[in-house]
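# Working through the structure, step by step
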Amino acid sequence: MKGICVLGATGSIGVSTLDVVTRHSDLYKVVALTANKNIELLYEQCLQHHPEYVVVVDSEKALEFKEKLKNSSISDIKVLSESQSLEFVATLDNVDSVMAAIVGAAGLLPSLAAAKAGKTILLANKEALVMSGDIFMQAVAESGAQLLPIDSEHNAIFQCMPAGYKSGILAKQARRILLTASGGPFRQMPIAEMANVTPAQAVAHPNWDMGRKISVDSATMMNKGLEMIEACILFAMKPDQIQVVIHPQSIIHSMVDYIDGTVLAQMGNPDMRVPIAYSMAWPERFESGVEPLNIFDVRRMDFEEPNLERFPCLRLAYKAIDLGGIMPTVLNAANEIAVEAFLNEHIRFTDIPLIIEQCMEKFEIRPASSLEIILDIDNQARVISEQIINKLFH
Ligand code: NAD
Ligand code: MG
């Protein structure tokens with residue numbers, strides 16, 4: 001029996017994770033669940049999985065949650081809300097696996113704590129890795145933690161790597177990665193119309209049902225930019241070894257091109273329970289609850305090169321990783337602020353890359369050599385991005 005801690009249990013990945021856990025309750029026991037605010041869903045999850053601990057990050061919601069538990073059958077669950085509670089539950093002795101599924105930079109410290117504690121990390125929280133690349137991988141290497149990517153593309157690449165592959169190591173015979181992207185909802189919209197898209201249009205993804213932030217990132221293709229950086233870090237490759245490929249059907253989840261001309265692809269229905277179940281069962285496999293792929297329904301698969309004029313965020317991600325050092329941290333922070341402003345209808349969709357680019361220009365390159373530097377730069381980039389937004393629109 002393995003103990004699992006689900007960071008971000010109430011999100012899209014968290015819910016899919018608990019769905020897989022329910023199918024394998026003989027193998028996994030939920031030790032801890034965390035949420036930001038959604039205590040209604042968290043309560044349902046607690047009734048079903050009866051964890052030892054929950055963390056509710058929002059302190060008022062935490063008090064409300066404690067009240068709710070008082071006269072229930074699950075009043076023995078310990079409710080935490082103090083800072084560092086996320087790190088505490090991610091490193092408990094009886095936690096073997098940590099699902100890192102908090103969205104954004106908020107997930108960095110607990111994911112890093114799990115890495116330092118040598119846990120098996122099921123990493124969905126790509127922003128944490130993009131921010132802290134070398135430091136994160138160093139923590140994994142030093143503690144002997146197992147890092148299994150949940151992002152469907154990176155999970156696909158991991159599955160296409162040679163037997164016994166470990167994250168962070170360059171697979172010598174792999175020449176290139178073909179990183180697939182659906183192209184999001186605006187792949188074919190006339191570019192001039194993109195300034196007018198609404199948050200509701202941007203979060204309506206054609207193939208995947210995801211949280212709001214990653215859905216906007218998919219629409220701008222910053223998601224693919226972050227994933228390109230994530231792939232460089234996870235697979236020790238150079239940016240020019242990662243080719244982004246638009247594949248609108250989302251059936252191939254990515255490919256690895258080997259020196260002998262072999263290209264291995266991983267395919268399946270677009271459902272995150274596939275990579276989640278793969279990582280939870282690794283190195284075995286077990287059922288995920290996902291329907292078998294009907295290849296006759298797929299009929300055809302298309303591939304096209306991304307248009308960087310349509311998707312400037314992808315260009316900015318390549319620029320950030322080429323500049324290196326703190327720049328991916330700046331890119332990520334500016335993007336989080338810009339996406340939030342777009343979702344709150346303070347800026348237009350097409351302002352997102354403008355704000356990120358202006359923010360990046362405000363920073364000199366320096367190495368991202370410590371966690372303190374990374375957190376400081378993250379904070380500075382957020383403040384600067386807010387200032388840019390205020391200047392432009394007030
Ligand atoms: P979501 O918005 O649905 O859920 C986010 C979770 O994080 C929630 O449980 C929320 O309570 C928690 N959270 C939010 N802010 C927090 C804070 N400040 N402190 C602590 N917890 C906080 O997001 P999601 O779609 O499940 O995505 C989660 C992560 O997984 C993201 O990094 C995303 O890029 C990645 N990912 C998601 C998918 C997908 O299909 N949804 C696919 C690949 C990767
Ligand atoms: Mg992905």
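Model, not experiment: these values are computed from the prediction.

### Things to note about the sheet that holds strand 9 (residues 242-246)
Taking strand neighbours across the sheet as the criterion, the 4 strands line up as 9-8-10-11 in an open arrangement whose pairing is mixed. Across the chains shown, the open sheet's two edge strands, defined by having one partner strand only, are strand 9 and strand 11 (263-267). Strand after strand, the sheet turns through a mean of 20 degrees between neighbouring axes, direction not considered. Strands in contact with helix 10 (residues 222-235) are strand 8 (174-181) and strand 9; relative to strand 8, the strand with the most contacts, it is inclined by about 155 degrees.

### Focus: the sheet that holds strand 5 (residues 97-100)
An order of 4-3-2-1-5-6-7 is seen for the 7 strands of this open sheet, with the pairing classed as parallel. Pairing within the sheet leaves two strands with one partner each, and these edge strands are strand 4 (78-80) and strand 7 (146-149). Ignoring strand direction, the axes of neighbouring strands in this sheet form an average angle of 20 degrees. Two elements, strand 5 and strand 6 (residues 120-123), share 4 bridges in a ladder whose sense is parallel. Bridging across to strand 6, Met99 finds its partner in Leu122. Across the sheet, helix 2 (residues 39-49) touches strand 2 (28-35) and strand 3 (53-56), and the angle it forms with strand 2 is around 165 degrees.

### Things to note about the coordination of the magnesium ion (ligand 2)
Only Asp151 (OD), Glu153 (OE) and Glu227 (OE) from the protein coordinate the magnesium ion (ligand 2), and they sit 2.1 Å from it. Of note, the magnesium ion (ligand 2) draws all its donor residues from one chain, in the sequence arrangement D-x1-E-x73-E. Taken together, the residues span a long stretch of sequence, with Asp151 in the loop between strand 7 and helix 7 (152-160) and Glu227 in helix 10 at a distance of 76 residues. With respect to burial, Asp151 and Glu227 carry one shared label: buried.

### Description of the pattern of salt bridges
Between side chains of opposite charge, a pair can form as their charged atoms come close. Taken as a whole and judged by the stated rule, the model has 19 salt bridges. Residues Arg176 and Asp257 are paired through a salt bridge, measuring 3.1 Å at the closest nitrogen-oxygen approach. Within this pair, whereas Arg176 is found in strand 8, its partner Asp257 is found in strand 10 (residues 252-258), the two being separated by 81 residues in sequence. Look at Arg176 and you get partly exposed, because its relative accessible area is 31%.

### Structural notes on the domain arrangement of the protein chain
What the domain assignment lists for the protein chain is domain 1 (2-149) and domain 2 (324-394). Each partner contributes residues to the interface: domain 1 has 10 residues there, and domain 2 has 12 residues. For the pair domain 1 and domain 2, the summed buried area comes to about 810 Å², and 73% of that belongs to carbon and sulfur atoms. The largest per-residue losses of area from domain 1 upon contact with domain 2 belong to Val130, Met131 and Ile135, which jointly make up 55% of the total buried on that side. One can count 2 residue pairs in polar contact (both at pLDDT 80 or more) joining domain 1 with domain 2.

Basis of the calculations
Residues numbered from 1 in each chain as written. Chains lettered and ligands numbered in written order. Predicted model: local features only at pLDDT ≥ 70, side-chain atom pairs only at ≥ 80, totals over all residues. Heavy atoms only, no water. Pairing = 2+ DSSP bridges. Helix = DSSP H or I, 4+ residues; strand = E, 2+ residues; numbered from the N terminus. Axes fitted to C-alpha atoms, helices over the stretch in contact; angles between N-to-C directions. Contact = heavy atoms within 4.5 Å. Donors = N, O, S within 2.8 Å, 3.2 Å for Na, K, Ca; no water. Buried < 20%, exposed > 50% of the residue type's maximum accessible area, 1.4 Å probe, protein only. Salt bridge = Lys/Arg side-chain N within 4 Å of Asp/Glu carboxyl O. Domains from an automatic or database assignment. Buried area = accessible area lost by both parts, 1.4 Å probe. Polar contact = N/O pair within 3.5 Å; in protein donor to acceptor, adjacent residues only side chain to side chain.

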